[in-house]
Amino acid sequence: MIFQEAALGGVFEISLERKVDERGFFARSWCRQEFEQHGLNSNLAQCSVSFNSKKGTLRGMHYQLDGYAEAKLVRCTKGAIYDVAVDMRPGSTTFKQWTGTELTATNQRALYIPEGCAHGFLTLEDETEVFYQISEPYHPESARGVRWNDPAFGIVWPGPVAVISDRDLIYPDFGPT
Ligand SMILES: Cc1cn([C@H]2C[C@H](O)[C@@H](COP(=O)(O)OP(=O)(O)O[C@H]3O[C@@H](C)C(=O)[C@@H](O)[C@H]3O)O2)c(=O)[nH]c1=O
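Described below are features of the structure shown in this document. (Residues numbered from 1 in each chain as written. Predicted model: local features only at pLDDT ≥ 70, side-chain atom pairs only at ≥ 80, totals over all residues. Heavy atoms only, no water.)

## Topic: the environment of Glu102
Reasoning step 1: Position of Glu102 relative to the elements: it lies in strand 9 (residues 98-104).
Reasoning step 2: Judged by relative accessible area, Glu102 falls into the partly exposed class, the value being 41%.
Reasoning step 3: Considered as a pair, Glu102 and Cys76 are 26 residues apart in the sequence and their alpha carbons are 9.2 Å apart.
Reasoning step 4: In this structure Glu102 touches Ile81, Tyr82, Asn107, Arg109 and Leu124, once residues within four positions along its chain are discounted. (Helix = DSSP H or I, 4+ residues; strand = E, 2+ residues; numbered from the N terminus. Buried < 20%, exposed > 50% of the residue type's maximum accessible area, 1.4 Å probe, protein only. Contact = heavy atoms within 4.5 Å.)

Here it is, written out as C-alpha coordinates:
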(Lines give C-alpha, C1' and ligand atoms only; values in the text may rest on other atoms or scores of the structure.)
Protein backbone atom coordinates (compact mmCIF):
# COMPACT_ATOMS: atom_id res chain seq x y z
CA MET A 1 0.00 0.00 0.00
CA ILE A 2 1.15 3.53 -0.69
CA PHE A 3 0.56 6.00 2.15
CA GLN A 4 0.42 9.74 1.51
CA GLU A 5 -0.28 12.07 4.42
CA ALA A 6 -2.74 14.88 3.69
CA ALA A 7 -2.34 18.48 4.81
CA LEU A 8 -4.64 17.64 7.72
CA GLY A 9 -2.46 15.95 10.34
CA GLY A 10 -3.06 12.21 10.59
CA VAL A 11 -5.27 11.91 7.49
CA PHE A 12 -3.80 9.63 4.82
CA GLU A 13 -4.63 8.83 1.22
CA ILE A 14 -3.88 5.16 0.73
CA SER A 15 -3.36 3.75 -2.74
CA LEU A 16 -3.07 0.17 -3.84
CA GLU A 17 0.32 -1.20 -4.79
CA ARG A 18 -0.79 -3.42 -7.64
CA LYS A 19 0.99 -6.67 -8.50
CA VAL A 20 -0.05 -6.91 -12.13
CA ASP A 21 -0.05 -10.00 -14.32
CA GLU A 22 -2.00 -11.29 -17.32
CA ARG A 23 -5.06 -11.97 -15.14
CA GLY A 24 -5.29 -8.48 -13.67
CA PHE A 25 -3.73 -7.52 -10.37
CA PHE A 26 -3.50 -8.40 -6.72
CA ALA A 27 -3.11 -5.73 -4.04
CA ARG A 28 -3.30 -5.47 -0.29
CA SER A 29 -6.03 -3.07 0.81
CA TRP A 30 -5.48 -3.24 4.60
CA CYS A 31 -2.59 -4.51 6.66
CA ARG A 32 -2.24 -4.29 10.43
CA GLN A 33 1.54 -4.24 10.25
CA GLU A 34 1.75 -1.49 7.63
CA PHE A 35 -0.84 0.60 9.50
CA GLU A 36 1.22 0.30 12.69
CA GLN A 37 4.43 1.19 10.84
CA HIS A 38 2.75 4.43 9.69
CA GLY A 39 1.35 5.17 13.16
CA LEU A 40 -2.26 4.51 12.12
CA ASN A 41 -4.92 2.90 14.28
CA SER A 42 -5.01 -0.78 13.25
CA ASN A 43 -7.96 -1.75 15.41
CA LEU A 44 -10.86 -3.12 13.38
CA ALA A 45 -14.25 -3.34 15.08
CA GLN A 46 -16.61 -3.32 12.10
CA CYS A 47 -16.96 -3.03 8.34
CA SER A 48 -20.00 -1.33 6.82
CA VAL A 49 -21.43 -0.60 3.39
CA SER A 50 -23.25 2.60 2.48
CA PHE A 51 -25.28 2.50 -0.73
CA ASN A 52 -26.45 5.74 -2.30
CA SER A 53 -29.00 5.70 -5.10
CA LYS A 54 -28.50 9.23 -6.35
CA LYS A 55 -25.70 11.50 -7.40
CA GLY A 56 -25.60 14.49 -5.05
CA THR A 57 -26.27 12.49 -1.89
CA LEU A 58 -24.47 13.99 1.07
CA ARG A 59 -23.79 12.07 4.30
CA GLY A 60 -21.94 13.82 7.13
CA MET A 61 -20.18 15.37 8.81
CA HIS A 62 -20.01 12.70 11.54
CA TYR A 63 -17.77 11.76 14.43
CA GLN A 64 -18.02 10.05 17.83
CA LEU A 65 -16.92 11.63 21.10
CA ASP A 66 -13.75 10.69 22.99
CA GLY A 67 -14.02 7.26 24.49
CA TYR A 68 -15.76 6.05 21.33
CA ALA A 69 -13.80 8.08 18.77
CA GLU A 70 -13.41 6.16 15.52
CA ALA A 71 -10.64 5.87 12.98
CA LYS A 72 -12.15 5.09 9.56
CA LEU A 73 -10.79 3.70 6.34
CA VAL A 74 -13.16 4.71 3.54
CA ARG A 75 -13.19 3.24 0.03
CA CYS A 76 -15.57 3.69 -2.90
CA THR A 77 -16.32 0.30 -4.41
CA LYS A 78 -18.88 1.47 -7.02
CA GLY A 79 -19.34 4.92 -8.51
CA ALA A 80 -17.54 7.94 -7.09
CA ILE A 81 -17.52 10.24 -4.06
CA TYR A 82 -15.86 13.41 -2.89
CA ASP A 83 -14.69 12.42 0.58
CA VAL A 84 -13.99 15.02 3.28
CA ALA A 85 -12.43 15.04 6.74
CA VAL A 86 -12.66 18.01 9.14
CA ASP A 87 -10.28 18.37 12.07
CA MET A 88 -12.39 18.60 15.26
CA ARG A 89 -9.43 18.18 17.64
CA PRO A 90 -9.06 21.28 19.83
CA GLY A 91 -5.36 21.96 20.21
CA SER A 92 -4.53 20.49 16.83
CA THR A 93 -2.54 22.83 14.56
CA THR A 94 -5.13 22.13 11.84
CA PHE A 95 -8.23 22.49 14.10
CA LYS A 96 -11.33 23.30 11.97
CA GLN A 97 -9.45 22.79 8.70
CA TRP A 98 -10.63 20.26 6.15
CA THR A 99 -9.27 18.09 3.39
CA GLY A 100 -11.10 16.41 0.53
CA THR A 101 -10.31 13.93 -2.18
CA GLU A 102 -12.10 12.00 -4.91
CA LEU A 103 -12.46 8.31 -4.18
CA THR A 104 -13.76 6.28 -7.10
CA ALA A 105 -14.21 2.66 -8.07
CA THR A 106 -11.66 3.37 -10.78
CA ASN A 107 -8.89 5.04 -8.77
CA GLN A 108 -9.43 2.50 -5.94
CA ARG A 109 -7.97 4.93 -3.42
CA ALA A 110 -8.95 4.95 0.25
CA LEU A 111 -8.97 7.76 2.79
CA TYR A 112 -7.87 7.12 6.38
CA ILE A 113 -9.56 9.46 8.85
CA PRO A 114 -8.15 9.44 12.39
CA GLU A 115 -10.03 9.77 15.65
CA GLY A 116 -11.27 13.30 16.30
CA CYS A 117 -12.02 14.17 12.69
CA ALA A 118 -15.53 14.53 11.31
CA HIS A 119 -16.19 12.65 8.09
CA GLY A 120 -18.62 13.02 5.21
CA PHE A 121 -18.98 12.59 1.47
CA LEU A 122 -20.92 13.72 -1.57
CA THR A 123 -21.73 11.15 -4.25
CA LEU A 124 -20.60 12.09 -7.75
CA GLU A 125 -22.58 9.36 -9.53
CA ASP A 126 -25.85 7.46 -9.12
CA GLU A 127 -25.64 4.02 -7.47
CA THR A 128 -22.50 4.70 -5.49
CA GLU A 129 -21.32 2.24 -2.85
CA VAL A 130 -18.93 3.12 -0.03
CA PHE A 131 -17.12 0.57 2.09
CA TYR A 132 -15.89 1.43 5.59
CA GLN A 133 -13.53 -0.19 8.04
CA ILE A 134 -14.05 1.32 11.48
CA SER A 135 -11.90 0.96 14.58
CA GLU A 136 -14.60 1.19 17.26
CA PRO A 137 -18.13 -0.16 17.76
CA TYR A 138 -21.07 2.02 16.75
CA HIS A 139 -22.18 4.02 19.80
CA PRO A 140 -25.09 6.27 18.78
CA GLU A 141 -25.15 8.10 22.15
CA SER A 142 -21.65 9.39 21.36
CA ALA A 143 -22.41 10.30 17.76
CA ARG A 144 -22.07 13.98 16.88
CA GLY A 145 -22.14 15.97 13.70
CA VAL A 146 -21.37 19.29 12.11
CA ARG A 147 -23.11 20.79 9.10
CA TRP A 148 -21.73 20.21 5.62
CA ASN A 149 -22.03 23.93 4.76
CA ASP A 150 -21.07 25.44 8.14
CA PRO A 151 -19.06 28.62 7.46
CA ALA A 152 -16.81 27.70 10.40
CA PHE A 153 -15.20 25.13 8.09
CA GLY A 154 -15.85 26.48 4.59
CA ILE A 155 -15.80 23.11 2.86
CA VAL A 156 -15.85 23.53 -0.91
CA TRP A 157 -17.97 20.74 -2.40
CA PRO A 158 -17.63 19.85 -6.08
CA GLY A 159 -21.38 19.92 -6.81
CA PRO A 160 -24.86 20.58 -5.43
CA VAL A 161 -26.51 18.55 -2.68
CA ALA A 162 -29.69 16.79 -3.83
CA VAL A 163 -30.30 14.26 -1.03
CA ILE A 164 -29.46 14.65 2.66
CA SER A 165 -30.96 13.30 5.90
CA ASP A 166 -33.02 15.61 8.13
CA ARG A 167 -30.47 15.11 10.88
CA ASP A 168 -27.55 16.17 8.72
CA LEU A 169 -29.41 19.22 7.43
CA ILE A 170 -29.98 20.89 10.78
CA TYR A 171 -26.78 20.65 12.78
CA PRO A 172 -26.34 24.13 14.29
CA ASP A 173 -23.41 26.37 13.48
CA PHE A 174 -20.25 25.14 15.14
CA GLY A 175 -19.01 27.26 17.98
CA PRO A 176 -18.21 27.32 21.69
CA THR A 177 -21.11 25.80 23.66
C1 LIG B 1 -23.28 4.42 11.33
C2 LIG B 1 -24.20 3.24 11.71
C3 LIG B 1 -25.56 3.31 11.50
N4 LIG B 1 -26.36 2.29 11.85
C5 LIG B 1 -27.82 2.40 11.58
C6 LIG B 1 -28.52 3.54 12.26
C7 LIG B 1 -29.60 3.90 11.25
O8 LIG B 1 -30.72 3.06 11.46
C9 LIG B 1 -29.00 3.58 9.90
C10 LIG B 1 -28.45 4.80 9.18
O11 LIG B 1 -27.56 5.46 10.06
P12 LIG B 1 -27.03 6.90 9.74
O13 LIG B 1 -28.14 7.77 9.29
O14 LIG B 1 -26.23 7.35 10.92
O15 LIG B 1 -26.06 6.60 8.51
P16 LIG B 1 -25.02 7.61 7.83
O17 LIG B 1 -25.58 8.98 7.82
O18 LIG B 1 -24.62 7.02 6.54
O19 LIG B 1 -23.80 7.56 8.85
C20 LIG B 1 -22.49 7.40 8.38
O21 LIG B 1 -22.07 8.61 7.77
C22 LIG B 1 -20.73 8.64 7.32
C23 LIG B 1 -20.44 10.02 6.79
C24 LIG B 1 -19.77 8.13 8.32
O25 LIG B 1 -18.64 8.62 8.47
C26 LIG B 1 -20.19 6.90 9.07
O27 LIG B 1 -19.30 6.62 10.13
C28 LIG B 1 -21.59 7.04 9.56
O29 LIG B 1 -21.66 8.06 10.55
O30 LIG B 1 -27.96 2.62 10.17
C31 LIG B 1 -25.86 1.15 12.41
O32 LIG B 1 -26.61 0.20 12.73
N33 LIG B 1 -24.52 1.03 12.61
C34 LIG B 1 -23.67 2.04 12.29
O35 LIG B 1 -22.41 1.91 12.49
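## Some points on empty space enclosed by the protein
With a probe scaled to a water molecule rolled over the atoms, the places where space remains empty come into view.
Reasoning step 1: What the rule picks out here adds up to 2 cavities of 30 Å³ or more.
Reasoning step 2: Approximately 60 Å³ is the volume found for the largest cavity.
Reasoning step 3: The wall of the largest cavity is formed by 13 residues, among which Phe35, Asn41, Asn43, Ala71 and Gln133 lie closest to the centre.
Reasoning step 4: Every element with two or more residues in the lining of the largest cavity is listed here: strand 7 (72-78) and strand 12 (128-134).
Reasoning step 5: Considered as a void within the structure, the second largest cavity measures approximately 30 Å³ in volume. (1 Å grid on protein atoms, 1.4 Å probe; cavity = no way out; pocket = protein on both sides within 12 Å on 5 of 7 lines; lining within 4 Å. Points joined across faces, edges and corners; volume = space filled by probe spheres on them.)

## Considerations on the site of the ligand
Reasoning step 1: Every residue close to the ligand is listed here: Gln46, Arg59, His62, Lys72, His119, Gly120, Tyr132, Tyr138 and Arg167.
Reasoning step 2: Between His119 and the ligand, the recorded distance is 2.6 Å, taken from a side-chain N or O atom to an oxygen atom.
Reasoning step 3: For the ligand, an oxygen atom lies 3.1 Å from a polar atom in the side chain of Arg167.
Reasoning step 4: Taking 660 Å² as the accessible area of the ligand by itself, protein coverage stands at 60%.
Reasoning step 5: Put simply, the ligand lies in the largest pocket.
Reasoning step 6: Among the residues forming the shell around the ligand, the class breakdown is 2 nonpolar, 4 polar and 3 charged. (Near = heavy atom within 4 Å. Polar contact = N/O pair within 3.5 Å; in protein donor to acceptor, adjacent residues only side chain to side chain. Areas by Shrake-Rupley, 256 points an atom, 1.4 Å probe, with all protein chains shown as cover. Sits in = over half its atoms within 2 Å of the grid points. Nonpolar A, V, L, I, M, F, W, Y, C, P; charged D, E, K, R; others polar.)

## A look at the sheet that holds strand 1 (residues 2-5)
Reasoning step 1: Within the open sheet, the 6 strands sit side by side as 1-2-10-7-12-5. Their pairing is antiparallel. Of all strands in the sheet, those with a lone pairing partner are strand 1 and strand 5 (46-52), marking the two edges. For this sheet, the mean inter-axis angle between neighbouring strands, taken without regard to orientation, is 25 degrees.
Reasoning step 2: Bridging between strand 7 and strand 10 (residues 110-113) involves 4 bridges; their strand directions are antiparallel. Within strand 10, the position partnered with Lys72 by the bridge is Ile113. (Pairing = 2+ DSSP bridges. Axes fitted to C-alpha atoms, helices over the stretch in contact; angles between N-to-C directions.)

## Observations concerning unusual backbone geometry
Reasoning step 1: For the bond running from Gly60 to Met61, omega is 0 degrees, close enough to zero to count as cis.
Reasoning step 2: Among the secondary structure elements, Met61 is positioned in strand 6 (residues 57-64).
Reasoning step 3: Backbone geometry places Gln108, a non-glycine residue, at a positive phi of 55 degrees.
Reasoning step 4: Along the chain, the position of Gln108 falls in the loop between strand 9 and strand 10.
Reasoning step 5: Given the relative accessible area of 23%, Gln108 is considered partly exposed.
Reasoning step 6: A positive phi angle is found at Glu127, which is not glycine, with a value near 50 degrees.
Reasoning step 7: In this structure, Glu127 sits in the loop between strand 11 (117-123) and strand 12.

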